[in-house]
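# Remarks on the overall topology
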Amino acid sequence: MPAELRLGKTWGLRRMATDQGHFAMVALDQRPPIINLIAEKRGVAPDAVAYADVLEVKRLLVDALGGHASAMLFDPNYAFPAGLQRLPARTGLVVTLEDHRFEDTPGGRRSHSIRDWSVEKIKRVGGDGVKVLAWYRPDAEPEVRQHQQRYVEAIGRECRKWDIPLVLELLVYPFARSAGHTTDYVESPEKLPELVIDSVREFAHPRYGVDLFKLESPLPGASLPVRDGGDAHRAAQAWFDRMGQVCAQAGIPWVMLSAGVTGEQFLRVMEYAYAAGANGFLAGRAIWGQALRNYPDVARCASVLREQGRDTLRRLGALTSASGKPWVPGYGALEEMGREGQFCAAYA
């Protein structure tokens, strides 16, 4: 099948984007961050958190934000039963494939998929895209790097088979042997911009079949300098520009993740990203994290989500419309067809 005729992938990306071609997406596939928050607030161990409590939180997020996002990111074990029936029909649906229980070895982290879950099942349940988080460090042990590369490459083949977009999230992480080791989903204290950019460069290779990158800031998002034209601003922008150039050269659109920064901090991250050519965002805690600090007062969580959460999403959307690079679907191969049956034969 010609690349131009991977219309399932193209349609999936269209479903995930706004009418203007920007990605203004909200993530609620987080499992450890939400489970740990509930555990903290209820004074229990994370493994004692009730399944119903996690569903309740995810249901809140869909109800408050689902109608204000171009797409939402669901995990199958919690978000699907909590919110699928409440997701507006016009809102795109991206679905997580990877298990949050990664293997943390001395040489690096190994990802694997959720048990009994697959690209085929995501396509069959109506997903518009497959999202995979690959923990990755270019300086990990060779066998760990190769495992991560093979993992993503195999998923890319399945996404081509089922003609569904692959959304690849990359995160640098601290080694298990390091003083700053944590398994929390936060920016790694060991993160260097070279590690972030070299990771993107690796997976921009066509053999992985990435259709949309979900990327972290190459510099700590909580401490980016003001974009005032000064030396610090220009130095920081240069790292974002390098990341954007890798994506542009590969022809892969890209969005930013928030990695637990505040809404205000994430707005600054996006200013840098849009100056480098980003196409949007796929963020979670920067939008809804503060509201959930009111848990277990569910009514208060809902109220803050409707006010502060929606306001942050609105401001991000306005910035995206004004400064983000639109993604434009390509249908050139269709326009070149000149006889009956040509399309059906070409779409093998």
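The notes below deal with the structure included here. Since we're looking at a predicted model, the values are computed, not measured.

The next subject is the pairing of strand β3 (residues 92–96). With respect to burial, β3 is a largely interior element, five of its five residues being buried. Burial of β3 is two-sided: the residues G92, V94 and T96 facing one way and the residues L93 and V95 facing the other way are all buried. Bridging between strand β2 (residues 71–74) and β3 involves four bridges; their strand directions are parallel. Bridged to A71 within β3 is G92. Relative to strand β6 (residues 129–135), β3 is paired through three bridges, and the arrangement is parallel. Directly across from T96, in β6, lies its bridge partner K131.

Between the first and last C-alpha of helix α3 (residues 51–65) there are 22 Å, a value that for 15 residues agrees with the 21 Å anticipated at 1.5 Å per step. Taken together, the buried positions of α3 are occupied by D53, V54, L55, V57, K58, L60, L61, V62, A64 and L65. As for α3, its buried residues are in contact with β1 (23–27), α2 (32–42), β2, α4 (79–83), α10 (285–292) and α11 (298–323).

Counting residues in each nonpolar core, the largest one holds 91 residues, and the members touching the most others are F213, W254, M256, F266 and F281. Grouped together as the second largest cluster of nonpolar side chains are 14 residues, F23, A27, L73 and V255 included.

A few words on the pattern of salt bridges. Per the stated rule, a full pass over the model turns up 23 salt bridges. When the shortest N-O distance is used, the salt bridge between R293 and E40 registers 2.8 Å. Residue R293 is located in the loop between α10 and α11, and its partner E40 is located in helix α2; the two are separated by 253 residues in the primary sequence. Residue classification places R293 among the partly exposed positions, given a relative accessible area of 35%. We classify E40 as partly exposed; its relative accessible area is 48%. The salt bridge partner of R314 is D311, with a shortest N-O separation of 2.8 Å. With R314 and D311 both in helix α11 and three residues apart, the pair spans about one turn of that helix. Several salt bridges share partner residues, and in doing so they unite D29, R31, E98, K131, E169 and K214 into one network.

Turning our eyes to something else, we now look at the layout of surface pockets. Taken as a whole, the largest pocket holds about 760 Å³ of empty space. Forming the boundary of the largest pocket are 31 residues, of which V210, D211, G251, I252 and P253 lie nearest the centre. Only α1 (7–16) and α8 (231–250) provide two or more residues apiece to the lining of the largest pocket. Per element, the largest residue contribution to the lining of the largest pocket is four residues, and it comes from α8. Within this model, the second largest pocket holds a volume of roughly 530 Å³. Around the second largest pocket, the lining comprises 25 residues; the ones closest to its centre are G260, R285, G289, Q290 and R293. Within the residue set of the lining of the second largest pocket, elements represented by two or more residues are α2, α9 (263–275), α10 and α11.

With that settled, the discussion passes to the packing of aromatic side chains. One pass over the full model with this rule turns up 12 aromatic pairs. Measuring from centroid to centroid gives 6.2 Å for W135 and Y173, while their planes differ by 90°, and the two rings are edge-to-face. One end of the pair, W135, is in strand β6; the other, Y173, is in the loop between β7 (166–171) and α7 (193–203), and 38 residues separate them in sequence. Here W135 and Y173 have matching classes, each one buried.

This part covers the sheet that holds β3. What the eight strands build is a closed barrel, ordered β1-β2-β3-β6-β7-β8-β9-β10; its pairing is parallel. On average, each strand axis in the sheet is tilted by 25° relative to the strand beside it, whichever way the strands run. Where strand β9 (residues 254–256) lies against strand β10 (residues 280–283), two bridges are found, and the strand directions are parallel. Residue pairing across strands places M256 opposite F281, the latter belonging to β10. Along the sheet, α8 makes contact with β8 (212–215) and β9, crossing β9 at roughly 145°. Sheet contacts for α11: β1 and β10; angle to β10, the most-contacted strand, approximately 155°.

Reading the values: the criteria
Residues numbered from 1 in each chain as written. Predicted model: local features only at pLDDT ≥ 70, side-chain atom pairs only at ≥ 80, totals over all residues. Heavy atoms only, no water. Buried < 20%, exposed > 50% of the residue type's maximum accessible area, 1.4 Å probe, protein only. Helix = DSSP H or I, 4+ residues; strand = E, 2+ residues; numbered from the N terminus. Pairing = 2+ DSSP bridges. Expected span 1.5 Å × (residues − 1). Contact = heavy atoms within 4.5 Å. Core = buried A, V, L, I, M, F, W, Y, C linked by side-chain atoms within 4.5 Å. Salt bridge = Lys/Arg side-chain N within 4 Å of Asp/Glu carboxyl O. 1 Å grid on protein atoms, 1.4 Å probe; cavity = no way out; pocket = protein on both sides within 12 Å on 5 of 7 lines; lining within 4 Å. Points joined across faces, edges and corners; volume = space filled by probe spheres on them. Phe/Tyr/Trp six-rings, centres within 6.5 Å; stacked < 30°, edge-to-face > 60°. Axes fitted to C-alpha atoms, helices over the stretch in contact; angles between N-to-C directions.

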